[in-house]
Amino acid sequence: MVMEEESPGPSKPAGDRCPRQREKKDKQQACEGFSIRAMMKNSVVRGPPPAGSVKQRPAKRSAFRKFYDRGDFPIAVQHECGGNKIAWKVEIENLDYHYFLPLFFDGLCETEFPYEFFARQGCHDMLEHGGNKILPVVPQLIIPIKNALNLRNRQILCTTLKIIQHLVVSAEMVGEALVPYYRQILPVLSIFKHMNVNLGDGIEYSQQKRENIGVLIQETLQLFERYGGKNAYININYMIPTYESCM
């Protein structure tokens, strides 16, 4: 009896004999750009990390909060039907603006109640009744304004821009006094200038509430140009080249 010999099966290709080696060859490796590994086969260059220009920064404890907790401000909350207001215990015109106004501007970094409410409303009240006392204090307000803008917080940005607009029109020569400080104020505005919402035919309710950052920045720059004198536009255009004159 003749035994049939088993015929060997079809031989496997060389690539299938070592699947692990093939996986290692096909595996892509991430590496940094402009390095030796970037020129190797199966290397994938990582993209640049995000710059974080619009990333929100953490806020520090403000001097306004410290003084408020200590009871140094002559203010209290006045509840009314139309909303809360500040009940001043003294006449606003009699306040020492060199002392109190920079402290209230320092509180613009706050987002918690009641600190945010008192700082915001206190700034508006003092700017409304300050008159000639505001202009000499302008240099002391630049650092608090810069600190508030540098936080990149959307709520703080809207609040600070509205305060800046009120500051520009609060008294004569204030707009011109702010021109030398554009280099401290405008860099953050340049970053968020195009942060505008376009809904086409839709309704953008943030414009009615004046919470659209792009619109607020455009309004602020136009006020800077109108009240800043003849050198205002040149200085604005130097920091924000995309700004177009409104005059």
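Residues numbered from 1 in each chain as written. Predicted model: local features only at pLDDT ≥ 70, side-chain atom pairs only at ≥ 80, totals over all residues. Heavy atoms only, no water.

Going by an unreviewed UniProt entry, the chain carries the name Parkin coregulated and comes from Ficedula albicollis.

1. Structural notes on the overall build of the chain
When helices and strands are counted, the chain shows twelve helices and four strands. Taking all 247 residues of the chain together, 36% fall into the buried category. Of the contacts made within the chain by residues no fewer than 6 positions apart, 65% connect residues no fewer than 24 positions apart. Only carbon and sulfur atoms are counted for the fraction: they give 52% of the accessible area of the chain, which is about 16,000 Å². (Helix = DSSP H or I, 4+ residues; strand = E, 2+ residues; numbered from the N terminus. Buried < 20%, exposed > 50% of the residue type's maximum accessible area, 1.4 Å probe, protein only. Contact = heavy atoms within 4.5 Å. Areas by Shrake-Rupley, 256 points an atom, 1.4 Å probe, with all protein chains shown as cover.)

2. Points about unusual backbone geometry
The amide bond that connects F113 to the next residue, P114, takes the cis arrangement and shows omega of 5°. Within the secondary structure, P114 sits in the loop between α4 (97-106) and α5 (115-130). Of note, N42 is a non-glycine position whose phi angle comes to about 60°, a positive value. Mapped onto the elements of the fold, N42 is located in the loop between β1 (29-31) and β2 (43-45). If you check the backbone angles, R152 has positive phi at about 60° while not being a glycine.

3. Points about helix α3 (residues 63-70)
Along an α-helix, residues three or four apart share an orientation, since each turn contains 3.6 residues. The complete set of buried residues in α3 reads F64, R65 and F67. All buried residues of α3 fall inside an arc of 170° around its axis, so they share one side. In this structure, the buried side of α3 is in contact with α4 and α5. Just downstream of α3 lies G71, where phi reads positive at about 80°. (Arc of directions from axis to C-beta.)

4. Points about the nonpolar core
Judged by nonpolar contacts, the single largest core of 60 residues is most densely connected at F104, F105, M126, L178, L221 and F224. When neighbours within four sequence positions are excluded, F105 is seen to be in contact with C123, L127, L141, P144, I145 and I163. (Core = buried A, V, L, I, M, F, W, Y, C linked by side-chain atoms within 4.5 Å.)

5. Examining the side chain of D106
In this fold, D106 is placed in helix α4. In contact with D106, not counting residues within four places along its chain, are S62, A63, F64 and P144.

6. A word on the packing of aromatic side chains
In this structure the tally under the stated criterion is 15 aromatic pairs. One cation-aromatic arrangement involves R65 over Y115; the distance from NZ or CZ to the ring centre is 4.2 Å. If you follow R70 out to its NZ or CZ, it ends over the ring of F67, 4.7 Å from the centre. (Phe/Tyr/Trp six-rings, centres within 6.5 Å; stacked < 30°, edge-to-face > 60°. Lys NZ or Arg CZ within 6 Å of the ring centre and 35° of its normal.)

7. Points about the environment of V138
Tracing the backbone through its elements, the reader meets V138 in helix α6 (residues 138-150). Its relative accessible area of 1% is what places V138 among the buried residues.

8. Section: the environment of V188
Summarising the element assignment, V188 is placed in helix α9 (residues 182-192). With a relative accessible area of 4%, V188 lands in the buried category. The spacing of V188 and I217 is 29 residues in sequence and 10.0 Å in space, taken between C-alpha atoms.

9. As for the pattern of salt bridges
Any two side chains of opposite charge can pair, given that their charged atoms come close. Enumeration according to the criterion identifies five salt bridges in this entry. For the salt bridge of R61 with D69, the shortest nitrogen-to-oxygen distance reads 3.4 Å. Among the residues examined, D69 registers a relative accessible area of 43% and is labelled partly exposed. Within the structure, one salt-bridge network assembled from shared partners comprises R65, E110 and E112. (Salt bridge = Lys/Arg side-chain N within 4 Å of Asp/Glu carboxyl O.)

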